[in-house]
There are 2 protein chains.
Amino acid sequence: MNVPRSSFPRIVIVGGGFGGISLAKKLRNKNVQVVLLDKHNYHNFQPLMYQVATGGLEPDSIAYPIRKIVQEYKDFYFRMGEVREIDGDKNIIYADIGELKYDYLVIATGSKTNYFGNKEIESNSMAMKTIPQSLNIRSLILENFEQALLTNDIDERHSLMNFVLVGAGPTGVELAGALAEMKKAILPKDYPDLDVRKMEINLIQSGDRVLNTMSENASEKADKFLQDLGVSIWKNVRVTGYDGKIVTTDSDLIFDSATVIWTAGVQGALPHGLKADSFVTRINRIKVNQFNQVEGYDNIFAIGDIALMVSDKNPQGHPMMAQPAMQQGKLLGENLVRLLAKKPMKPFVYKDKGSMATIGRNKAVVDLPNYQFSGVFAWFVWMFVHLFSLIGFKNKAVVFLNWVYNYVRFDREARLIMRPYKKRKQISFTSDEL
Amino acid sequence: MNVPRSSFPRIVIVGGGFGGISLAKKLRNKNVQVVLLDKHNYHNFQPLMYQVATGGLEPDSIAYPIRKIVQEYKDFYFRMGEVREIDGDKNIIYADIGELKYDYLVIATGSKTNYFGNKEIESNSMAMKTIPQSLNIRSLILENFEQALLTNDIDERHSLMNFVLVGAGPTGVELAGALAEMKKAILPKDYPDLDVRKMEINLIQSGDRVLNTMSENASEKADKFLQDLGVSIWKNVRVTGYDGKIVTTDSDLIFDSATVIWTAGVQGALPHGLKADSFVTRINRIKVNQFNQVEGYDNIFAIGDIALMVSDKNPQGHPMMAQPAMQQGKLLGENLVRLLAKKPMKPFVYKDKGSMATIGRNKAVVDLPNYQFSGVFAWFVWMFVHLFSLIGFKNKAVVFLNWVYNYVRFDREARLIMRPYKKRKQISFTSDEL
């Protein structure tokens, strides 16, 4: 892929997410050649995708050109391409844009949606792991309402206005809250000739509480916030199928819905070619030691969502979130410099800075290591943290402006079907409608 | 399409562009039922599309939800759908979402790209009449550069970096200028391992001057501005073909280019079903009288780009631009109210407020009815006028913020390939590149 050899050892980073970018920054001008590959030419800020999906933010304001981040780095090459296979013996990666030799390889490919093998759900439901997927959800929600206006079939209209979210982790909870606020403040004004009160938001969770990675206090509060907003929460229910019309579950519950958003599982976005015992099949995460070194290889590392670093204290590995990825990227950058200087590497210790989720206007839950709180103040903390985590002054400013506007005006103006998700159907009609 | 009959006469407006929206506003709460149809759920601000195409603006900031504009109008129905055919005898329109009877029909469908029957050019070149098309151009420009990095074939690289714009009206000129500024300020920093000086921008014009609808003074200045920015301008040259690789012309000139953007012609976006003598075939504009009434019909009107209103003084009709559309929409709104009150309608008189085009940073040309100027002041006037023409406070604010940022930082951050335009090719490579 046309990268000239320099006198420095070549480190190839696959993936420009939170982990890959943190690592790249640490390797800036450090007597190494760095090649960063990503299938997109931008880094995206996944925690705010649900706002793109619900018309609150422009997609461009949560994406940032990778080339701009690394513009001034010496001996640094970005290539837009997708890695297909790794040959750990020959030290070569194979991508759709060609092949490349590496001295050190860092896999930071993140995660993708896990349907646990259910192909029917995979092909009929929506996911929200990328910006294009978020825009598809945005289009579909609005298309459903446009279509609901046109039909006289009560069942069809109900199905179009019935939203089923599977999985009550942060993504599911935040989406459910944002949909509930659309129902309250936006849709009744936009669709005066439709009874928007009939819109349903069903949040289905296989466990016994929402936000089960957070504190019980946060779960309880989030649960209450969601119910206050009119979200129906179904706990201890496992979705077993969805044919595009009917959601079946392991209980008697059945949902008639045109829109299922699946946030119930993630798995590592695993490249081909690693030795079979280097990863755990069910979740496709790569087993790494405390230096993020991949089991069975000396010069291959994995960081972030894709990396599974277990210890006696932490048998499940670190949560698949931005914080561990960024911390691992940062430390690995330092460790690679140490390694090249023949100094010993430092083991990774995860520093949990806490977690948070927003449910709606003035409603959020925050777990700090020693303190939990919720409500208006939590909501402001959530906004502040997310705003300052965005890359780039302009994105911060545009997001801030949108938030102030949306808050003051109880509005969201990005309810635009820029790219239709489904083709409009020919609607049946009777002559008395003319 | 499920619109209930009210006691008021029903006016159906097809198209939510500048004309349709101006008309809708005038008909607000005026004892008429209004049904507005558009194939998109948003109104878009076409004059700034070239900035979306060149990474200077978010698409969302130049689009505005139509439902939000008409939210509080009584007896007003918006339907997202595309009109396929009009039956002027039965007073029915047929759309992809069903059929509808009208008492009065206003065709405000605007214009689309005119390839003058050349199917080869149509299928291989890019157009820029819609937001999705603008995003396609944005993706293609960036994809070309990513691909140019990967190839060792000098001819292929040249073709990828050679941009041909056909037509030097406002769209062609503004795009050429924006591309030239990308070449100067953005691309050399983003692609340090590519010789961006080799990028070419060729602007081809069949007439003998650029911006030929403006004053000669404006043409001369724009020509000079473009040449200062490094754009090659080819006058009196007509493009005859483009097979995706080679642009042929009516002279000996040939261009080897992976990207041709066609802005050389527009035609009315004509619905089917009108009597054959109601429109001019070559340009598909509908012949209207001075009240915008379609020839041969009493209760069908046409406004904006699609309408051809000729007089002895003005044998070509009004220019296909926002101003005539808005003025006609406004007057027709008043005239329809007069018509229903059995009062005489007022004839349309176009008030030319002037025209303007921007070429780049500090470079614009402005023609006012009695005064022409160019340069920095013209550029500020251009920005001020466009900013205040945008619908909605939030869009104004976001565009302003982007402009200030882009100006101060010599930057454009929306260089994002959100939706790839072409599939990446497998690039050939040799082992010494490894």
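By the naming in an unreviewed UniProt entry, chain A goes by NADH:ubiquinone reductase (non-electrogenic) and is assigned to Flavobacterium ardleyense. You can read under Sequence similarities (unreviewed entry) in the UniProt record for chain A the words "Belongs to the NADH dehydrogenase family." Listed in UniProt under the heading Catalytic activity (unreviewed entry), the comment for chain A reads: "a quinone + NADH + H(+) = a quinol + NAD(+)".

Let us now look at the interface of chain A and chain B. At the junction of the two partners, chain A supplies 69 residues and chain B supplies 69 residues. Across the chain A/chain B interface, buried area totals approximately 6,500 Å², and carbon plus sulfur atoms make up 53% of it. The interface formed by chain A and chain B contains 10 salt bridges. The shortest N-O distance in the salt bridge between Lys68 of chain B and Asp411 of chain A comes to 2.4 Å. At the boundary of chain A and chain B, one finds 28 residue pairs in polar contact (both at pLDDT 80 or more).

Moving on, we get to a nonpolar patch on the surface. On the surface, Phe400, Val404, Tyr407 and Val408 of chain B cluster together into a nonpolar patch covering about 360 Å² of accessible area. Mapped onto the elements of the fold, Val408 of chain B is located in helix H11 (residues 393–409).

Take the environment of Ile121 of chain B next. All names here are of chain B. In this structure, Ile121 sits in helix H4 (residues 119–124). A C-alpha to C-alpha distance of 9.1 Å links Ile121 and Val247, two positions 126 residues apart in sequence. When residues no more than four places from it in sequence are discounted, the contact partners of Ile121 are Tyr115, Val239, Thr240, Gly241, Tyr242 and Trp262.

When the UniProt feature table is mapped onto this chain, "domain: FAD/NAD(P)-binding" (unreviewed entry) is found at residues 10–329 of chain A. Segment residues 10–329 of chain A splits into 29% helix and 26% strand. End C-alpha atoms: 17 Å apart.

All right, on to the domain arrangement of chain A then. Here chain A is described as being made up of domain 1 (10–39 + 81–113 + 266–340) and domain 2 (119–262 + 361–409). Measuring from the centre of the C-alpha atoms in domain 1 of chain A to the corresponding centre in domain 2 of chain A gives 32 Å.

This brings us to the sheet that holds strand E14 (residues 239–242) of chain A. Backbone-to-backbone hydrogen bonds pair the strands of a sheet. The strands run either parallel or antiparallel. Residues and elements named next belong to chain A. The strand order across the open sheet built from 3 strands is E14-E15-E16, with neighbouring strands paired in antiparallel fashion. If you trace the sheet from one side to the other, it starts and ends with E14 and strand E16 (254–256), each paired once. The average undirected angle you get between the axes of adjacent strands in this sheet is 20°. Note that E14 and strand E15 (residues 246–249) share 3 bridges and pair antiparallel. Bridged to Val239 within E15 is Thr249.

The next subject is the packing of helix H10 (residues 376–389) of chain B against H11 of chain B. Residues and elements named next belong to chain B. In the contact formed by H10 and H11, the axes pass within 9 Å of each other and the chain directions differ by 155°. Classed by the angle they form, the pair H10 and H11 counts as roughly antiparallel. Listed contacts from H11 to Trp379, Trp382, Met383, His386, Leu387 and Phe388 of H10 are Lys396, Val399, Phe400, Trp403 and Tyr407. In terms of residue class, the contact of H10 with H11 is made up of 9 nonpolar, 1 polar and 1 charged.

Analysis parameters
Residues numbered from 1 in each chain as written. Chains lettered and ligands numbered in written order. Predicted model: local features only at pLDDT ≥ 70, side-chain atom pairs only at ≥ 80, totals over all residues. Heavy atoms only, no water. UniProt positions renumbered as here; feature names shortened; annotations may be inferred. Contact = heavy atoms within 4.5 Å. Buried area = accessible area lost by both parts, 1.4 Å probe. Salt bridge = Lys/Arg side-chain N within 4 Å of Asp/Glu carboxyl O. Polar contact = N/O pair within 3.5 Å; in protein donor to acceptor, adjacent residues only side chain to side chain. Patch = residues over 30% accessible without salt bridge, like charges linked within 9 Å, V, L, I, M, F, W, Y side chains within 5 Å. Areas by Shrake-Rupley, 256 points an atom, 1.4 Å probe, with all protein chains shown as cover. Helix = DSSP H or I, 4+ residues; strand = E, 2+ residues; numbered from the N terminus. Domains from an automatic or database assignment. Pairing = 2+ DSSP bridges. Axes fitted to C-alpha atoms, helices over the stretch in contact; angles between N-to-C directions. Parallel < 35°, antiparallel > 145°, perpendicular 65-115°, else oblique. Nonpolar A, V, L, I, M, F, W, Y, C, P; charged D, E, K, R; others polar.

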